[in-house]
Amino acid sequence: MTTALLAAVLVVLIAARSGRRLLPDSRRPTPRQVARRSRVAIADYPRLLDAISRQVRSGSSLSSAAIDEIDRSSAIGAVADRLAAGDSLSVALTAVHPEEADLALTVQALAATAHLGGPVAATLDEAAAVLRERAAARAERRAHGAQARISARVLTVVPLGFAAWSAVFSQRTRDVYLSTAAGAICAACGVGLNLVGWRWMRRTVGRE
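K.L.:
What am I meant to see in the overall build of the chain here?
P.N.:
Along the chain, the regular secondary structure elements total 10 helices and zero strands. Seen in sequence order, the chain has helices and strands lined up from the N terminus as α-α-α-α-α-α-α-α-α-α. Looking at the chain as a whole, 30% of its 208 residues are labelled buried. As presented, the chain carries roughly 12900 Å² of accessible surface, and 60% of it is formed by carbon and sulfur atoms.

K.L.:
How do you make sense of a nonpolar patch on the surface when you look at a structure like this?
P.N.:
Residues Ile150, Val154 and Val158 make up a contiguous nonpolar surface patch of roughly 270 Å² in combined accessible area. In this structure, Ile150 sits in helix H8 (residues 120-169). Looking at Ile150, the relative accessible area reads 55%, which means it is exposed.

K.L.:
Would you mind going over the side chain of Thr113 with me for this structure?
P.N.:
By the secondary structure assignment, Thr113 is in helix H7 (residues 101-116). Judged by relative accessible area, Thr113 falls into the buried class, the value being 4%. Polar contacts involving the side chain of Thr113 include one to the main-chain carbonyl oxygen of Leu110, which spans 2.7 Å.

K.L.:
Mind showing me how you'd approach the state of the cysteines here?
P.N.:
Put plainly, two cysteines are in a disulfide when a covalent bond ties their sulfur atoms together. Enumeration over the complete set of coordinates arrives at zero disulfides. Of all cysteine sulfurs, the one in Cys189 lies closest to Cys186, which takes part in no disulfide; the gap is 6.6 Å. With a relative accessible area of 55%, Cys186 lands in the exposed category. A relative accessible area of 44% places Cys189 in the partly exposed class.

K.L.:
So what exactly am I meant to see when it comes to the pattern of salt bridges here?
P.N.:
Side chains that differ in charge, positive against negative, can pair when their charged atoms come close. Applying the stated rule across the entire model yields seven salt bridges. As a salt-bridge pair, Arg47 and Asp44 come within 3.3 Å of each other at their nearest N and O atoms. With a relative accessible area of 57%, Arg47 lands in the exposed category. A relative accessible area of 35% means that Asp44 is categorised as partly exposed. Between Arg132 and Asp50 there is a salt bridge; the shortest N-O distance is 2.5 Å. You can see Arg132 sitting in helix H8 and its partner Asp50 sitting in helix H3 (residues 45-57), a full 82 residues away along the chain. On the basis of relative accessibility, which here comes to 17%, the residue Asp50 falls in the buried class.

K.L.:
How should I be thinking about the environment of Pro119 in this particular structure?
P.N.:
If you trace the backbone, Pro119 turns up in the loop between H7 and H8. Each C-alpha atom, one on Pro119 and one on Arg57, is 9.9 Å from the other, the two residues being 62 residues apart in sequence.

K.L.:
Teacher, can you tell me more about the packing of aromatic side chains here?
P.N.:
Enumeration according to the criterion identifies one aromatic pair in this entry. The interplanar angle of 40° and the centroid separation of 4.4 Å between the aromatic rings of Trp165 and Phe169 together place this pair among those described as tilted. Separated by four residues within a single helix, Trp165 and Phe169 lie in helix H8, roughly one turn from each other. For the pair shown, Trp165 and Phe169 are each scored as exposed.

K.L.:
So what exactly am I meant to see when it comes to the environment of Glu126 here?
P.N.:
Mapped onto the elements, Glu126 comes out in helix H8. Glu126 sits 80 residues away from Pro46 along the chain, and the two C-alpha atoms are 9.6 Å apart.

Conventions used here
- Residues numbered from 1 in each chain as written.
- Predicted model: local features only at pLDDT ≥ 70, side-chain atom pairs only at ≥ 80, totals over all residues.
- Heavy atoms only, no water.
- Helix = DSSP H or I, 4+ residues; strand = E, 2+ residues; numbered from the N terminus.
- Buried < 20%, exposed > 50% of the residue type's maximum accessible area, 1.4 Å probe, protein only.
- Areas by Shrake-Rupley, 256 points an atom, 1.4 Å probe, with all protein chains shown as cover.
- Patch = residues over 30% accessible without salt bridge, like charges linked within 9 Å, V, L, I, M, F, W, Y side chains within 5 Å.
- Salt bridge = Lys/Arg side-chain N within 4 Å of Asp/Glu carboxyl O.
- Polar contact = N/O pair within 3.5 Å; in protein donor to acceptor, adjacent residues only side chain to side chain.
- Disulfide = S-S within 2.5 Å.
- Phe/Tyr/Trp six-rings, centres within 6.5 Å; stacked < 30°, edge-to-face > 60°.

The values reported here are purely geometric and, on their own, carry no functional implication.
Here is the structure:
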């Protein structure tokens, strides 16, 4: 009986550990990743483009609107500093080296309006609309990913929990697990396949 209880406890501990480690985002991020996520979360590039567009429609130049609306502490803040120093917008934008897609699109939209002119406000509005569509798509992927991770956790933990429950409360199950070679092999194969399935589901739901 003591051996069966120890085996059941071991199975439960394995299940709990698998559940805790199931989420791919549970890995500890590097300091650079933390800083980058914080910066991206604070930056609101669609709102920035909308604000610049409104100023352009009210009669301001593109450069002066950018100086007024760009936050100097943001990832694109160097542009405002260089504009205030007398650089053109095209030159000022070269100070930004975007590492993520939203910032790259914002810089591209501003560069296009600076180089090509034309309907500046309309171009900025379209770029802001694209950024909002991207944000909505990311939010939808996160929601679906959360549902998939919950399902993966259930599919990982429930079989191990059921095996532990059976081992504790069924003498026949304990006899099969502990007294026969076939039972031990089946139990080991079941745990192994469950862990393989956990890793496969983890890799699948971790993709965006």
